[in-house]
Amino acid sequence: MGYEIETPGAAFGVPDTPIQWLQYLLAKYEGNLDRIKRFAEYYEGDHQRMMFAQAKFSNAFGEAFSSWSDNFCGLIVDSVNERMKIEGFRMADTPEADNAAQKIWERNFLDADSNAAHLDAMIQGASYGVVWWGEDGGPAITIESAENMAVQYMPGSRRELVAAAKFLTDDWGRQYATLWMADAVYEFETYDGDWVGSSEGIPNPLGAIPVVPINNRSRLTGDPLSDLDSIIPLQDAINKTVADALVASEYAAWPQRYVTGLEIQEDADGNPIEPFRVAVDKLLQAEDPGASFGQFEAADLGNYSTLVTMLVQHLASASRIPFHYFLQGAVIPSGDAITSAEAGLISKTRERMLHFGEAWERIMLLAFRVMGQDLEPGAIEVLWRDPEHRTEAQHIDSLVKKLSLGVPRQQLWEDAGYSPSQISRFTSMLEQQEKMQEQFPSINPQPAKAAPTAEEEADKAPRGNSENAAREKAGV
């Protein structure tokens, strides 16, 4: 049995049927789409096309700079995303990483897709994880863009969903939609411009919406925010200033010359005739002894550079990205200076990891529920790689000091950045090494021989002349 869905925007109360929920979420999706795509365009460098520039810009350059943009938006997002790496998951009651969670992670290609999820969340404010049964009966986790999703939260909740929908358009223009409800999942598609679908959905054994929003910069009220939300006005200002500098370099950087006391010649129509063709290899001369030549000072383009530098400093402050990432002063700090300069970036990264980690834990709880294991909230912990970049010598030195404090080796391996699979191999390799040392004691490392003390040196008998006599006998 099928039905047609009313056009989006039809008046009705609180949705209480799949038809109404799809209609409501479609209107919500279409209302947010332009804003979401705008953030993606700025990240990719497809910025606003100089709507504020003078006509001289187009007259001077035409299409020469049509694809140009001084893109800092990509740098601001990538500098955080490159420091976020999930190493694995750990059950709350066990010290080691969970092998079952690691297998779920790897079989769903989430080493790569988790990076894309974080990237899209920071660009567009949110991305989404969807959990369902795979073809083999195991948990299948897919990552969806905000450009394809719309969700509705329960009244008063920032985590529990009432409904969620995914919208896709194929290469032939036909649209498809999947609606998730707590009790069932519904499939729809467009036919002759109308949405149609089955009135009977697929049962949802999870008993919950299998969609988890991965929100960026979550607030107590309002929608999650893009990292570019406050950056775009500064990016536009930088683009305008550089565009003005390009126009000035064409029209004002070349010294303008003038001549006085020279009679103006006109053509047959009364239009003044240009008396000189000014060029680098041309010499200006006039027969009139009263003619005088001169030139105006060229425009100082350094003023534009100063303004761009100021705007980039504001950009760095607003985004908490270190100044040396923008090559301010062209001096790269080192040692403690770079640690201090990157403190804001590290704090920003850890804050993102906190919110993203909560979403990944909920996704893994749903994945275990697909496997028939209903775990309690908080039963899974995300293991993140340390976002702070340090030299290998500094890192190992700090780990050795932690070892002297009694920190277990397994924790130190995690802090060193080894993956759960590597740590698992370390344990078996150490067991094999101990067995080999028991069977072949000679392979054990021998302690270095201590240097003799001053008292031991003093107790030695003098060598006398016996050594000299031996040398004479040997002819040395």
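Residues numbered from 1 in each chain as written. Predicted model: local features only at pLDDT ≥ 70, side-chain atom pairs only at ≥ 80, totals over all residues. Heavy atoms only, no water.

### What about the overall build of the protein?
For clarity, the cut-off: Secondary structure elements are taken from DSSP: a helix is a run of H or I of four residues or more, a strand is a run of E of two residues or more, and numbering for both begins at the N terminus. Any two residues having at least one pair of non-hydrogen atoms within 4.5 Å are treated as being in contact.
Helix and strand counts for the protein come out as 14 helices and 14 strands. Contacts spanning at least 24 positions in sequence make up 64% of the contacts within the protein whose residues lie at least 6 apart.

### A look at the nonpolar core
Defined as follows: In these notes, a set of buried Ala, Val, Leu, Ile, Met, Phe, Trp, Tyr and Cys residues joined through side-chain atoms within 4.5 Å is what counts as a nonpolar core. Note on classification: 1.4 Å probe, protein chains only; a residue is buried when its accessible area is under 20% of the maximum for its type, exposed when over 50%, partly exposed between these limits.
Counting 54 residues, the largest nonpolar core has F89, L228, W360 and M364 as its most contacted members. Broken down by element, the residue count for this core peaks at twelve residues, all from helix α9 (residues 343–370). Once residues lying within four places of it in the same chain are set aside, the contact partners of W360 are I86, F89, W105, L110, S114, A117, H118, I143, I214 and V382. W21, Y29, A165 and F167 belong to the second-largest nonpolar core, a separate cluster that totals 17 residues.

### So, the packing of helix α4 (residues 99–107) against α9
For clarity, the cut-off: Helix axes use the C-alpha atoms of the stretch in contact, all axes being lines fitted to C-alpha atoms, and the angles between their N-to-C directions lie in the range 0 to 180 degrees. Each angle is binned into one of four classes, with values under 35 degrees roughly parallel, values over 145 roughly antiparallel, values of 65 to 115 roughly perpendicular, and all other values oblique. Amino acid classes used here: Ala, Val, Leu, Ile, Met, Phe, Trp, Tyr, Cys and Pro are nonpolar; Asp, Glu, Lys and Arg are charged; the rest, including Gly, are polar.
The interhelical angle for the contact between α4 and α9, taken along N-to-C directions, is 100°, at an axis separation of 11 Å. Here α9 runs roughly perpendicular to α4, going by the angle between their axes. Seen from α4, the contacting residues are A100, A101, I104 and W105; seen from α9, they are W360, M364, A367 and F368. Residue composition of the contact of α4 with α9, by class: eight nonpolar, no polar and no charged.

### Remarks on the packing of aromatic side chains
As a reminder of what qualifies: Geometry of aromatic contacts follows a simple scheme: Phe, Tyr and Trp rings, the Trp one being its six-membered ring, pair when their centres are within 6.5 Å, and the pair is stacked under 30 degrees between planes, edge-to-face over 60, tilted otherwise.
All told, the structure shown has seven aromatic pairs when counted by the stated rule. Residues Y29 and F167 carry aromatic rings whose centres are separated by 4.8 Å and whose planes lie at 25° to one another, so their mutual orientation is stacked. In this pair, Y29 is assigned in helix α1 (residues 18–43) and F167 in strand β6 (residues 161–169), connecting sequence segments 138 residues apart. Exposure remark for Y29: the relative accessible area of 13% places this residue in the buried category. Relative to W195, the ring of F167 lies with its centre 6.3 Å away and its plane at 75°, an arrangement referred to as edge-to-face. Remark: W195 occurs in strand β9 (residues 194–198) and F167 occurs in strand β6; sequence separation between them is 28 residues. The two residues F167 and W195 agree in class, both being buried. Counting every residue linked through ring pairs, the aromatic cluster contains Y29, F167 and W195.

### So, the pattern of salt bridges
The condition that has to hold: By salt bridge we mean one thing: a side-chain nitrogen of Lys or Arg within 4 Å of a carboxyl oxygen of Asp or Glu.
Across all of its chains, the model carries eleven salt bridges by this definition. The salt bridge involving E351 is made with R352; its shortest N-O contact spans 2.2 Å. In this structure R352 comes out as buried when scored by relative accessible area, which is 5%. Each of D227, E351 and R352 takes part in one network of salt bridges that share partners.

### What about helix α7 (residues 302–319)?
To be explicit about the condition: Each helix should span, by expectation, one fewer than its residue count multiplied by 1.5 Å. Arc, as used here, means the arc of the directions from the helix axis to the C-beta atoms.
Taking 1.5 Å per residue, 18 residues should reach 26 Å; α7 reaches 26 Å between its end C-alpha atoms and fits that length. Residues of α7 that are buried include every one of V308, L311, V312, L315, A316 and S319, and no others. When α7 is viewed along its axis, its buried side chains cluster within an angular range of 145° and face the same direction. Pointing more than 90 degrees away from the buried face of α7 are the exposed residues N303, T306 and S317. Looking one or two places after α7, you find R320, whose phi comes out positive at around 60°.

### So, the sheet that holds strand β11 (residues 211–215)
What counts here: A pair of strands counts as paired when DSSP detects no fewer than two bridges linking them.
The strand order across the open sheet formed by three strands is β4-β3-β11, and the pairing between neighbours is antiparallel. Two strands in the sheet have a free side with no partner beyond their single neighbour: β4 (139–145) and β11. With direction set aside, neighbouring strand axes in the sheet form an average angle of 25°. In the sheet, strand β3 (residues 126–133) pairs with β11 via five bridges, with the strands oriented antiparallel. Residue pairing in the sheet places Y128 in a bridge with P213 of β11.

### A few points about α4
What counts, and what does not: Each polar contact in these results corresponds to two N or O atoms within 3.5 Å; when the atoms are within protein, one needs to be able to donate a hydrogen and the other to accept it, and residues that are neighboring in sequence are counted only if both atoms are side-chain atoms.
If you check which residues of α4 are buried, you get A101, Q102, I104 and W105. Along the axis of α4, the buried positions cluster into a sector of 160°, meaning they face one direction only. Set apart from the buried face of α4 by more than 90 degrees, the exposed residues are N99 and K103. In this structure D98 caps α4, since a side-chain oxygen of it lies 3.2 Å from the backbone nitrogen of A100. Phi turns positive, to about 60°, at F109, one or two residues after α4.

### Points about the pairing of strand β14 (residues 380–384)
Of all five residues making up β14, four are buried, and the element is well covered by its neighbours. Sheet topology note: the strand β2 (residues 86–91)/β14 ladder contains five bridges and is antiparallel. Within β14, the residue paired with M91 across the bridge is I380.

### Topic: the environment of Y128
Within the fold, Y128 resides in strand β3. The exposure class assigned to Y128 is buried, which follows from its relative accessible area of 9%. Expressed as a C-alpha distance, the spacing of Y128 and I363, which sit 235 residues apart in the sequence, is 9.7 Å. Contacts of Y128, omitting those with residues within four sequence positions, involve T142, I143, E144, S145, A146, M149, V151, V211, V212, P213 and I214.

### Some words on unusual backbone geometry
The phi torsion of most residues other than glycine is negative, and most of the peptide bonds are trans. Look at F109: it is not a glycine, yet its phi comes out positive at around 60°. In this structure, F109 sits in the loop between α4 and α5 (110–124). Residue R320 is not a glycine yet carries a positive backbone phi of 60°. Locating R320 in the fold gives a position in the loop between α7 and α8 (336–341).

### Here's the deal with the environment of F326
Tracing the sequence through the fold places F326 in the loop between α7 and α8. In the structure, F326 is positioned eleven residues away from L315 in sequence and 9.5 Å away in space, judged by C-alpha atoms. Beyond its immediate stretch of four places on either side in the chain, F326 contacts F72, L75, I76, V312, L315, A316, S319 and I321.

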